[in-house]
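Spelled out, the chains give:
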Amino acid sequence: MPSQEELKNSKRWFKSATPKYTTDWYIKWISSFFILAAMSMRGVEGLQLYDLSLSIIGVAGWLVVAALWEDRSLIILNSFALLLLLKNLIVLLV
């Protein structure tokens with residue numbers, strides 16, 4: 001394993017652009033897990049409610065991250081995604 005000095009000066013090692021183990025780091029990874037779990041259920045008959053519920057949690061988490069990062073494109077994307085998912089949830093429940 002290379003030393004910290006070698007990692008710092010190397011152009012061959014991948015370095016993350018975002019800080020690790022901050023609040024937004026935890027929220028984005030947990031939210032990503034929820035979205036992936038929802039996607040694994042997508043299209044399976046009888047699991048639409050779980051898919052929508054997990055998707056809503058994941059997208060809401062990413063909306064929080066977008067707000068923390070003040071990234072307007074992510075805010076718009078996740079705001080509309082959240083509205084569409086909530087509409088689909090209401091239609092499913094009614």
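Structure shown above.
The structure displayed is predicted, hence computed values, not measured ones. (Residues numbered from 1 in each chain as written. Predicted model: local features only at pLDDT ≥ 70, side-chain atom pairs only at ≥ 80, totals over all residues. Heavy atoms only, no water.)

Trainee: Mind showing me how you'd approach the overall build of the protein chain here?
Mentor: When helices and strands are tallied, the protein chain shows four helices and zero strands. In the protein chain, the order of α-helices and β-strands from amino to carboxyl end is α-α-α-α. Taken along the three principal axes of its C-alpha coordinates, the protein chain extends 60 × 30 × 20 Å. Taken over 94 residues, the protein chain has a buried fraction of 24%. The long-range share in the protein chain, meaning contacts at least 24 apart out of those at least 6 apart in sequence, stands at 50%. Summing over all exposed atoms, the protein chain offers an accessible surface of approximately 7,300 Å²; the carbon and sulfur share of this is 68%. (Helix = DSSP H or I, 4+ residues; strand = E, 2+ residues; numbered from the N terminus. Buried < 20%, exposed > 50% of the residue type's maximum accessible area, 1.4 Å probe, protein only. Contact = heavy atoms within 4.5 Å. Areas by Shrake-Rupley, 256 points an atom, 1.4 Å probe, with all protein chains shown as cover.)

Trainee: Mind showing me how you'd approach the packing of helix 3 (residues 48–69) against helix 4 (residues 72–93) here?
Mentor: When two helices pack together, their arrangement is captured by the angle between the axes and the distance separating the axes. Relative orientation of the contacting elements helix 3 and helix 4 amounts to 155°, with a least axis distance of 9 Å. In terms of axis orientation, helix 3 runs roughly antiparallel to helix 4. In this structure, helix 3 crosses over helix 4, and the sense of that crossing is left-handed. Contacts from Gln-48, Leu-49, Leu-52, Ser-55, Ile-56, Val-59, Ala-60, Trp-62, Leu-63, Ala-66, Ala-67 and Trp-69 in helix 3 reach Leu-74, Ile-75, Asn-78, Ser-79, Ala-81, Leu-82, Leu-85, Leu-86, Asn-88, Leu-89, Leu-92 and Leu-93 in helix 4. (Axes fitted to C-alpha atoms, helices over the stretch in contact; angles between N-to-C directions. Parallel < 35°, antiparallel > 145°, perpendicular 65-115°, else oblique. Left-handed = near helix turned anticlockwise from the far one by under 90°.)

Trainee: Would you mind going over helix 3 with me for this structure?
Mentor: Taking 1.5 Å per residue, 22 residues should reach 32 Å; helix 3 reaches 31 Å between its end C-alpha atoms and fits that length. Residues of helix 3 that are buried: Asp-51, Leu-52, Leu-54, Ser-55, Ile-56, Gly-58, Val-59, Gly-61, Trp-62, Val-65 and Ala-66. Buried positions along helix 3 lie against helix 2 (23–41) and helix 4. Once helix 3 finishes, Glu-70 follows within two positions and takes phi at roughly 55°, a positive value. (Expected span 1.5 Å × (residues − 1).)

Trainee: Got a minute to help me understand the side chain of Asp-24 in this structure?
Mentor: On the secondary structure map, Asp-24 appears in helix 2. Setting aside chain neighbours within four positions, we find Asp-24 in contact with Val-65, Leu-68 and Trp-69.

Trainee: Sorry if this is basic, but what is going on with the pattern of salt bridges here?
Mentor: Opposite charge on two side chains permits pairing when their charged atoms draw close. Considering all chains together, one arrives at one salt bridge under this definition. Notably, a salt bridge pairs Asp-51 with Arg-42, separated by 2.8 Å at the nearest N-O pair. Judged by its relative accessible area of 10%, Asp-51 is buried. (Salt bridge = Lys/Arg side-chain N within 4 Å of Asp/Glu carboxyl O.)

Trainee: Help me understand the nonpolar core in this model?
Mentor: If you look at soluble globular proteins, the nonpolar side chains tend to sit buried side by side. Of all hydrophobic cores here, the largest spans six residues; its members are Leu-52, Ile-56, Val-59, Leu-82, Leu-85 and Leu-89. Contact partners of Leu-89, with chain neighbours within four places excluded, come to Leu-49, Leu-52 and Ile-56. (Core = buried A, V, L, I, M, F, W, Y, C linked by side-chain atoms within 4.5 Å.)

Trainee: Explanation requested: the environment of Leu-36 in the structure shown.
Mentor: As for its placement among the helices and strands, Leu-36 is situated in helix 2. Classification of Leu-36 as exposed rests on a relative accessible area of 57%.

Trainee: Could you clarify how one ought to interpret the packing of aromatic side chains in this entry?
Mentor: Two numbers describe a pair of aromatic rings. These are the distance of the centres and the angle of the planes. Going through the model one piece at a time under the given rule, you end up with six aromatic pairs. Ring centres of Trp-62 and Trp-69 lie 6.0 Å apart, and the angle between their planes is 80°; this geometry places the pair in the edge-to-face category. Among the residues examined, Trp-69 registers a relative accessible area of 33% and is labelled partly exposed. (Phe/Tyr/Trp six-rings, centres within 6.5 Å; stacked < 30°, edge-to-face > 60°.)

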